Amino acid sequence: MDNRNSNTPSSDGPAPTLTVRVIMQGKEVGSIIGKKGDNIKKYREESGAKINISDGSCPERIVTVTGHPDTIYKAFGMISKKLEEDILSGPNINAPKPPVTVRLIIPASQCGSLIGKGGCKIKEIREVSGASIQVASEILPNSTERAVTVSGTADAITQCVYHICCVMLESPPKGATIPYRPKSASLPPVIFTGGQPYTIPGHMAMQASPHEMAKMAHLAHISHIGQMSPLLGGAQALPGSAAIPAALLAAAVQGNFPQRPTAPLHGNMPPNPTQAQSHEMTIPNDLIGCIIGRGGAKINEIRHLSGATIKIANQEDGSADRSVTIIGAPESVNMAQYLINARISTEIGHIGTLIYH
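Residues numbered from 1 in each chain as written. Predicted model: local features only at pLDDT ≥ 70, side-chain atom pairs only at ≥ 80, totals over all residues. Heavy atoms only, no water.

Visitor: Would you mind showing me how to read the packing of helix H9 (residues 285–292) against helix H10 (residues 297–306) here?
Guide: As a packed pair, H9 and H10 sit with axes 5 Å apart at the nearest point and diverge in direction by 65°. Two secondary-structure elements touch here, H9 through Cys-290, Ile-291 and Ile-292 and H10 through Ala-297, Lys-298, Ile-299 and Ile-302. Split by residue class, the contact of H9 with H10 holds 6 nonpolar, no polar and 1 charged. (Axes fitted to C-alpha atoms, helices over the stretch in contact; angles between N-to-C directions. Helix = DSSP H or I, 4+ residues; strand = E, 2+ residues; numbered from the N terminus. Contact = heavy atoms within 4.5 Å. Nonpolar A, V, L, I, M, F, W, Y, C, P; charged D, E, K, R; others polar.)

Take a look at the structure:
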């Protein structure tokens, strides 16, 4: 049953645009993408919504659906049905099947409106849609957002998501939103400073043990290292297994730590066009400034250190994110991606300090 009209915000102008983000596991994402991207292409074309999926370096992936409420309704209808089909076609056909479950990401400042006074709004959405809906009490790590878990049949979830969209349009988020970004499954960063390697498992630097360095040396696959970077506070930081030179790690395991990494080699070794690759990142508008820097200083520094070509797309109407395209040799792309993520992590930590302390 379609109950959309009972909760649609009134508007005399064009339909408002909204972005809904969902946390999914790799297997679920693979099903939604489909063979050669056939499924996601179909969902985009038939719903009219923009559907983007974060890169695959994390166990959790973020599926972003952007459009007006009706296009989001259509997109979630198809996505939910696909997830339901996967559950029903699984092993043990005669065994009871769990409901379809999706985890939405909602700014914490909007969760009060979603719950309503005395829980009246969330109760109403449950009754109208037939879905189970739970709002997490804890903020997602390093963000100002919460997970909202919706369970039920594909139709119930689609109805529920639509009504959640209507609440989000009626009650926009208050203040700046720091989006949730899943943590990478890769090794922690390694920083070389004062001739010693340090790992950062949490928020405190710890001197790396020979065992850790040997493990990283085994996983290393990039041959170049950039120079000392003021962008990272004067220390040389590298993204774990993604950019630790094997030769440097071998020296580190033996205790022969360099006092200063060598200068970048990109200027003397132009990338082979046949080895060039392209990677696209999505950066929230609220954080794009920390990537660009005053007068473009930060983005130019990242380009210089990584040797990659970095292009930042113009802001699209109604979109909360900007697209950043990185082009270059694999090691250059990985280094640029890491430096960008390092800037974002630093900025989020700074904002979090201002908000919570």
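Visitor: What is the right way to look at the pattern of salt bridges in this model?
Guide: Between side chains of opposite charge, a pair can form when the charged atoms approach closely. Under the counting rule described, the total for this entry stands at 6 salt bridges. Across the pair Lys-50 and Glu-316 runs a salt bridge, and its minimum N-O distance is 2.3 Å. Of this pair, Lys-50 sits in strand E2 (residues 50–53) while Glu-316 is found in the loop between strand E12 (309–312) and strand E13 (321–328), placing the two residues 266 residues apart along the sequence. Judged by its relative accessible area of 43%, Glu-316 falls in the partly exposed class. The residue Lys-81 makes a salt bridge to Asp-155 at a minimum N-O spacing of 3.1 Å. Here Asp-155 lies in helix H6 (residues 154–170) and Lys-81 lies in helix H3 (residues 69–88), a separation of 74 residues in the sequence. (Salt bridge = Lys/Arg side-chain N within 4 Å of Asp/Glu carboxyl O. Buried < 20%, exposed > 50% of the residue type's maximum accessible area, 1.4 Å probe, protein only.)

Visitor: Where do I start with the sheet that holds strand E4 (residues 100–107) in this structure?
Guide: Through backbone hydrogen bonds, the strands of a sheet pair up, either in parallel or in antiparallel fashion. Overall, antiparallel pairing links the 6 strands, which are arranged E2-E3-E1-E4-E6-E5 in an open sheet. With one partner strand each, in any of the chains shown, E2 and strand E5 (132–135) form the two edges of the open sheet. Direction aside, neighbouring strands of the sheet carry axes that sit 25° apart on average. Of the pairings in the sheet, the one linking strand E1 (residues 18–25) to strand E3 (residues 60–67) comprises 8 bridges and is antiparallel in character. The residue bridging Arg-21 from the neighbouring strand is Thr-64, located in E3. Helix H1 (residues 26–33) contacts E1, E2, E3 and E4 of the sheet and is inclined by roughly 120° relative to E1. Contacts from helix H4 (residues 108–115) reach E4, E5 and strand E6 (145–152) within the one sheet, and its direction differs from that of E4 by about 120°. (Pairing = 2+ DSSP bridges.)

Visitor: Can you walk me through the confidence of the model for the protein in this structure?
Guide: Caution is warranted with low-pLDDT regions, since their predicted coordinates should not be read in detail. For the protein, the average pLDDT comes to 74, and 66% of its residues sit at 70 or higher. The model gives residues 6–11 a pLDDT under 50, and that stretch makes 13 contacts with residues more than four places away or in other chains. (pLDDT = per-residue confidence, 0-100.)

Visitor: Mind showing me how you'd approach the side chain of Thr-71 here?
Guide: Topologically, Thr-71 is positioned in helix H3. Separated by 2.8 Å, the side chain of Thr-71 and the backbone oxygen of His-68 make a polar contact. Apart from the residues lying within four places of it in its own chain, the contact partners of Thr-71 are Ser-47, Gly-48 and Ala-49. (Polar contact = N/O pair within 3.5 Å; in protein donor to acceptor, adjacent residues only side chain to side chain.)

Visitor: Can you help me understand the sheet that holds E13 in this one?
Guide: Ordered in space as E11-E13-E12, the 3 strands form an open sheet in which the pairing is antiparallel. Every interior strand has two partners, whereas the edge strands, strand E11 (277–284) and E12, have only one. Each adjacent strand pair in this sheet contributes to an overall mean axis angle of 20°, direction not counted. Inspection of the sheet shows E11 paired to E13 by 8 bridges, in the antiparallel sense. Bridge pairing in E13 places His-279 opposite Ile-326.

Visitor: I keep staring at unusual backbone geometry and nothing clicks. Help me out?
Guide: Across residues other than glycine, the phi torsion is negative in most instances, and most of the peptide bonds are trans. Non-glycine residue Lys-36 carries a positive phi angle of around 55°. Relative to the helices and strands, Lys-36 resides in the loop between H1 and helix H2 (38–47). For Lys-36, a relative accessible area of 79% translates into the label exposed. A positive phi angle, close to 55°, is found at Asn-142, a residue other than glycine. Tracing the sequence through the fold places Asn-142 in the loop between E5 and E6. For Asn-142, a relative accessible area of 47% puts it in the partly exposed group.

Visitor: Just to check I follow, could you spell out the nonpolar core for this structure?
Guide: If you look at soluble globular proteins, the nonpolar side chains tend to sit buried side by side. Counting residues in hydrophobic clusters, the biggest one holds 38 residues, and the most contacted among them are Leu-104, Val-150 and Ile-164. Here Leu-104 is in contact with Val-20, Arg-21, Val-22, Phe-76, Arg-146, Ala-147, Val-148, Val-150, Val-161 and Ile-164, once residues within four sequence places are set aside. Among the nonpolar cores identified, the runner-up in size contains 19 residues, and Ile-291, Ile-326, Val-333 and Ile-344 belong to it. (Core = buried A, V, L, I, M, F, W, Y, C linked by side-chain atoms within 4.5 Å.)

Visitor: What is the right way to read the packing of aromatic side chains from this model?
Guide: For any pair of aromatic rings, the description consists of the separation of the ring centres together with the inter-plane angle of the planes. What the rule picks out here adds up to 1 aromatic pair. On the basis of an interplanar angle of 85° and a centroid distance of 5.7 Å, the ring pair of Tyr-73 and Tyr-162 is categorised as edge-to-face. Taken together, the positions of Tyr-73 in helix H3 and Tyr-162 in helix H6 put the pair 89 residues apart, joining distant regions of the chain. Taking the relative accessible area as the measure of exposure, Tyr-162 reaches 3% and is therefore buried. (Phe/Tyr/Trp six-rings, centres within 6.5 Å; stacked < 30°, edge-to-face > 60°.)

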